[in-house]
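# A closer look at the structure
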Amino acid sequence: MTEWPHLAPVPPPAVRNVLCSEEWEFCLQAWTTLIEIRLEASGKEFQEHAPEDESAVSFLSSFYDQLASSSSTDPGLYSGKARHLRKLCFLLSRRFLLDLPVLSGKLLDWRFLGDLCCCYPSSSALKKLLSETWDKDKNKDAITSSLENAKSLIVKRLSFPMKKPPNNLDVVSDIRKLTLLASILPGCGQVLMTGSDFLDTVSDTYLEQKTEGFRRILVANVYVGLTSLLKGPNANLSLLLDQLFSLKTAAGVGTPKVKKEPTLLSDLVCSSDLLGRLQRYLESFPQKRGQDLVFSLRSYQVESKPLHHRYQKQKKKTDKGKGRADDVPITEELHAHRMSLVTQVQDLFPDLGSAYVIRLFDFYGDNPETVVAHLLDDSLPPELKALDRHEQLATTHEIPHRDPLPPRPTPPEVPSPLSASPPLARRNAFDEDVDIAELARSGDDRVRSKLRFGRANPELTADDILADRSQHTVNKAAIISALAAFDSDDDERDDTYDVADVGGTVDGMAPGTDADADADMRNRRADEMDMVLFHAYKSSPALFARDSATRRSQPRASLKRETGMTDEAIEGWAVMLNRDPKRVSKLEHKLALASGGAAGGPGGGLQQPELRPTSYRKPGPGALEDESEGDADGAGEQNKAPSKGPSGRGRGSRGRGGGRRDGGRRGGGQGPGPSATEQNPALSRQRKEEHKASRANHNRRQQRAKKMARGGGMPG
């Protein structure tokens, strides 16, 4: 077979603008026909002619380059035939990349792959195609070499001073291509993050360039590169941590020289979910170094939040019903802030229409980072995927002016008497009422018959009325139904002590209940719950942790069943216990009394031994016989009193006269039996007079004598 017809490359926009629409349609039709020839060729024929088909490679490169750099409003590349051509170009590119054993260098160049990603940013077929191409060792080495050249080129361009962003359109375009390529093919992102030259240059450029749009492009590129280190089977966590540590050192995090200005690291941690992704990865593969880094970056994120305000969500205003009337046509006005968010997304995805981007913002709450992340990951919901991705916003038209005082038609004129039409009669709510004066003045007998003076039928007597049985059945049924509804035994409710009538508080407690008993029962119940919780707290403090794993554990479930408390109540009890040391000591004392069973009884509690009283107690009638028997035998335990000294004398032994004549009775030597003085009152009075000298009576007498001697007078 002869050689395939050559494909002319796609002309630049300046040439396309000169062509008329018919000529451009012919070009699209020709390219479509030639590509279909290559797609319909057999496998053997394609492998024979495709390696030498340089015109097809040049056409694909020029087509994707023009399509990636053009706007979605360009009718030349986004018309009906152009969309069909774009689909055929993807199929041809797929056949070149997968069916040929040796690929041309242009097909594996980073610019071609980047343009391919710009044209199909959220295509799962493209993601699968690039993944299969990357898995081939020869292709992987060629793509890696091309990416290394791209890194060197971008580092060289960013190293030169750039004064105005418009002069950096080529750099912005190249960085955007690398961003999309790394988001679809994680291996390319890992190649970008290998080494420190590229990341250091981007970090320095972020500090030098104050343009917010350019900074966002840099942040998106670094974010995609760092997150690609956590994707795929060849995830490289250590490289990610090394790059984050280098950015942390450059920003001075944790040092007194920390920069109080936006940095690449602060923008990454505040404007993206990088820390969230890293934290979820560390939960599956824990590492102490990574966890410490995440903790320090969380603190830095809180400190840097005031430096990044551009992603705040606007508060929704409540509708107070003060809008326009329903009959006025309302057109949706797009706010300038939201239009700027649309342009941010279209910078990365130029093929998306503005109306489609607005629908994405409505679904994700005006968050451009979330929208870009879902577009890069191709994780949009099915209802958003089914929408037209090229839908544009309709041109807004001016709302017609609504006159608050519109002209109204004048009321109808009063018809003239000469008019043939009868005058309109006035009507009101009392037209149906009977006017007695009108009836009396009326000459019509039928009208006058409605007016009656006295009884309607004067000739009808009471006997005639009672004798009339025509309505007897109806009246009887009405009376019986009324009697059936009446209950003579139903007494009227006594509302004497209703709250509304009394005007105060009525005790609604049922009779027979005791409020004090209920309070004591509640207190005992609370004490029991405290002891159960404290016993569990002493045995396992981790049982009161405030995390989901502990709440789902079996010990926590059994504690909830035993106490009838919720997780929040149990955890709150532990928090309040830690704040009250006195309560802890009180509960420990109760626990010691309840569980100290060394000398306990069968109940397991601590049983205090009974202590016999040492004070004197008057014995009963049966104790006298025991005392006499004890005295006779010399071993009566009932007559023994506890002694508190070696001399056998008890309390009061230091007083004068203690332990003399009466056998030490005042010193505690007397037993529990009755003394002789108690049995003989006369003897008691005699001994009182004998011993007055040892008591206060003697002293009072002496003092009175001294007083009288000083006074010099006679008593009385």
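See the structure above.
Overview of the structure. Treat the numbers as computed from the prediction; the structure is a model and nothing was measured. What you see as residue numbers is a count from 1 along each chain, following the sequence as written. pLDDT decides what is reported in this predicted model: residues at 70 or higher carry local features, side-chain atom pairs at 80 or more are listed and counted, and totals for whole chains, interfaces and linings draw on all residues regardless. With hydrogens and water excluded, all non-hydrogen atoms of the structure serve as input to the side-chain values.

### A look at the overall build of the protein chain
On a plain count of helices and strands, the protein chain comes out with 34 helices and zero strands. Only protein chains enter the accessibility calculation, which uses a 1.4 Å probe; a residue is then buried when its area is under 20% of its type maximum, exposed when over 50%, and partly exposed in between. Expressed as a percentage of its 716 residues, the buried residues of the protein chain come to 32%. Partitioning the contacts of the protein chain with sequence separation of at least 6, the portion at a separation of at least 24 is 66%. Here a strand is any run of E in DSSP of at least two residues, a helix any run of H or I of at least four, and the numbering for each starts at the N terminus. Residue contacts are defined here by distance: any two heavy atoms, one from each residue, within 4.5 Å place the two residues in contact.

### Notes on helix H11 (residues 197-208)
The end-to-end C-alpha distance of H11, which contains 12 residues, comes to 17 Å, matching closely the 16 Å that a straight helix rising 1.5 Å per residue would cover. Buried within H11 are the following residues: Phe198, Leu199, Thr201, Val202, Ser203, Thr205 and Tyr206. For H11, the elements touching its buried residues are helix H8 (137-159), helix H10 (186-193), helix H12 (212-228), helix H13 (237-251) and helix H14 (264-271). Multiplying 1.5 Å by the helix residue count minus one yields the expected span of that helix.

### Side note on the packing of aromatic side chains
Geometry of aromatic contacts follows a simple scheme: Phe, Tyr and Trp rings, the Trp one being its six-membered ring, pair when their centres are within 6.5 Å, and the pair is stacked under 30 degrees between planes, edge-to-face over 60, tilted otherwise. Scanning all chains against the criterion turns up 14 aromatic pairs. Aromatic side chains Tyr537 and Phe544 sit 5.5 Å apart centroid to centroid with 65° between the ring planes, which places their arrangement in the edge-to-face category. In this pair, the class of Tyr537 matches that of Phe544, namely buried. Seen in terms of ring centroids, Phe544 and Trp573 are 5.8 Å apart; in terms of plane orientation they differ by 35°. Their pairing is tilted. Taken together, the positions of Phe544 in the loop between helix H26 (515-539) and helix H27 (548-551) and Trp573 in helix H29 (residues 567-578) put the pair 29 residues apart, joining distant regions of the chain. You can call Phe544 buried: its relative accessible area is 6%. Ring pairs connect the aromatic residues Trp24, Trp31, Phe59, Phe63, Tyr64, Phe90, Phe112 and Tyr120, which therefore count as one cluster. The positively charged end of Arg95 is found above the aromatic ring belonging to Phe46, 4.4 Å away from the centroid. Note on geometry: a ring has a charge over it if NZ (lysine) or CZ (arginine) is within 6 Å of the ring centre and within 35 degrees of the ring normal.

### Overview of the pattern of salt bridges
Salt bridge criterion: a side-chain nitrogen from Lys or Arg within 4 Å of a carboxyl oxygen from Asp or Glu. Summed over all chains, the structure comprises 20 salt bridges. Linking Arg95 and Asp99 is a salt bridge whose minimum nitrogen-to-oxygen distance equals 3.4 Å. Here Asp99 and Arg95 lie together in helix H5 (residues 80-99), a separation of four residues that amounts to about one turn. A salt bridge links Arg583 to Asp530; its shortest N-O distance comes to 3.3 Å. Placement of Arg583 in helix H30 (residues 581-595) and of Asp530 in helix H26 is noted, with a sequence separation of 53 residues between them. Residue Arg583 is classed as partly exposed on the basis of its relative accessible area, which comes to 25%. Through salt bridges with shared partners, one network takes in Arg546, Arg551, Arg556, Lys560, Asp567, Glu568 and Glu571.

### Let's talk about a negative patch on the surface
Residues form patches when they are more than 30% accessible in relative terms and have no salt bridge. Like charges link within 9 Å. Nonpolar side chains (Val, Leu, Ile, Met, Phe, Trp, Tyr) link within 5 Å. Note on areas: these come from Shrake-Rupley sampling with a 1.4 Å probe, and a residue is covered only by the protein chains present in the view. His is not counted here, nor are the chain ends, while Lys and Arg score as positive and Asp and Glu score as negative. By convention, the charge on Lys lies at NZ, on Arg at CZ, on Asp at CG and on Glu at CD. The grouping of Glu3, Glu48, Glu52 and Glu54 at the surface amounts to a negative patch. Relative to the assigned elements, Glu52 resides in the loop between helix H3 (43-49) and helix H4 (54-69). On the basis of relative accessible area, Glu52 is assigned to the exposed category, the value being 63%.

### Brief notes about the nonpolar core
Residues grouped as a nonpolar core are buried Ala, Val, Leu, Ile, Met, Phe, Trp, Tyr and Cys residues, joined through side-chain atoms within 4.5 Å. Core analysis: the largest hydrophobic core is formed by 118 residues, its most contacted members being Phe59 and Tyr64. For Tyr64, the contacting residues outside a window of four places in its chain are Cys89, Phe90, Ser93, Phe112, Asp115, Leu116, Cys119 and Tyr120. Of all hydrophobic cores here, the second largest spans 14 residues; its members include Leu533, Leu543, Phe544 and Trp573.

### What about the layout of surface pockets?
To find leftover empty space, a probe the size of one water molecule is rolled over the atoms. Any residue with an atom within 4 Å of a point lines the site, the site being either a cavity, points on a 1 Å grid over the protein atoms alone where a 1.4 Å probe fits but cannot get out, or a pocket, an open set with protein on both sides within 12 Å along at least 5 of 7 lines. Grid points are joined across faces, edges and corners, and a volume is the space filled by probe spheres set on the points. The calculated volume of the second largest pocket comes to roughly 650 Å³. Along the walls of the second largest pocket sit 28 residues, with Ala68, Ser69, Ser70, Ser173 and Arg176 positioned nearest its centre. At the level of elements, H4, helix H6 (110-119), helix H9 (169-184) and helix H17 (336-348) are the ones that each hand at least two residues to the lining of the second largest pocket. Looking at which element gives the most residues to the lining of the second largest pocket, the answer is H9, with seven residues. Looking at the lining of the second largest pocket residue by residue, the classes come out as seven nonpolar, 11 polar and 10 charged. Note on residue categories: nonpolar means Ala, Val, Leu, Ile, Met, Phe, Trp, Tyr, Cys or Pro, charged means Asp, Glu, Lys or Arg, and polar means any other residue, Gly included.

### Topic: the side chain of Thr263
Note on placement: Thr263 falls in the loop between H13 and H14. In this structure, Thr263 is in contact with Tyr206, Leu207, Ala251 and Tyr300, ignoring residues within four places of it in sequence.

### Considerations on the environment of Thr194
Position of Thr194 relative to the elements: it lies in the loop between H10 and H11. Sequence spacing of Thr194 and Gln243 is 49 residues, and the spatial spacing of their C-alpha atoms is 9.0 Å. Discounting residues that sit within four places of it in the chain, Thr194 has contacts with Lys151 and Leu239.

### With respect to the packing of H8 against H11
The angle between two axes is taken between their N-to-C directions and runs from 0 to 180 degrees, where each axis is a line fitted to C-alpha atoms and a helix contributes only its stretch in contact. Where H8 contacts H11, the axes come no closer than 10 Å and their chain directions differ by 30°. One finds that H8 runs roughly parallel with respect to H11. As H8 packs across H11, the resulting crossing turns out to be left-handed. Every residue of H11 that contacts H8 at Lys151, Ile154, Val155, Leu158 and Ser159 is listed here: Asp197, Phe198, Thr201, Val202 and Thr205. Tallied by class, the residues present in the contact of H8 with H11 amount to five nonpolar, three polar and two charged. Throughout this description, any angle smaller than 35 degrees is read as roughly parallel, any larger than 145 degrees as roughly antiparallel, any in the 65 to 115 degree range as roughly perpendicular, and the remainder as oblique. In this scheme the crossing of two helices becomes right-handed for a clockwise turn of the near helix relative to the far one and left-handed for an anticlockwise turn of less than a right angle.

### Re the packing of helix H15 (residues 274-284) against helix H16 (residues 288-304)
The geometry of H15 relative to H16 is characterised by a closest axis approach of 10 Å and an angle of 155° between their N-to-C directions. Relative to H16, the element H15 lies roughly antiparallel. For the element pair H15 and H16, the recorded crossing hand is left-handed. Contact residues: Leu275, Gly276, Leu278, Gln279 and Leu282 in H15; Gly290, Gln291, Val294, Leu297, Arg298 and Gln301 in H16. Among the residues making up the contact of H15 with H16, the classes are represented as five nonpolar, five polar and one charged.

### Re the environment of Asp388
Inspection of the secondary structure puts Asp388 in the loop between helix H20 (382-385) and helix H21 (436-441). Asp388 gets classed as partly exposed once you look at its relative accessible area, which sits at 42%. With 36 residues separating them along the chain, Asp388 and Leu352 place their C-alpha atoms 9.0 Å apart. Any N or O atom pair separated by 3.5 Å or less is treated as a polar contact, with the protein-specific requirement of one donor-capable and one acceptor-capable atom, and with residues adjacent in sequence counted only for side-chain atom pairs. Among the polar contacts made by the side chain of Asp388, one reaches the main-chain amide nitrogen of His390 at a distance of 3.2 Å.

### Points about the side chain of Arg16
Along the chain, Arg16 turns up in helix H1 (residues 13-18). Under the relative-accessibility criterion, Arg16 is labelled buried at 10%. Separated by 3.2 Å, the side chains of Arg16 and Gln66 make a polar contact.

### A word on H6
Note: α-helices contain 3.6 residues per turn, so residues at a spacing of three or four share the same orientation. Burial analysis of H6 places nine of its 10 residues in the buried class, the great majority of the element. If you check which residues of H6 are buried, you get Trp110, Phe112, Leu113, Gly114, Asp115, Leu116, Cys117, Cys118 and Cys119. As for H6, its buried residues are in contact with H4, H5, helix H7 (124-135), H8 and H9. You can read the cap of H6 off the contacts: a side-chain oxygen lies 3.0 Å from the backbone nitrogen of Arg111, and it is on Asp109.

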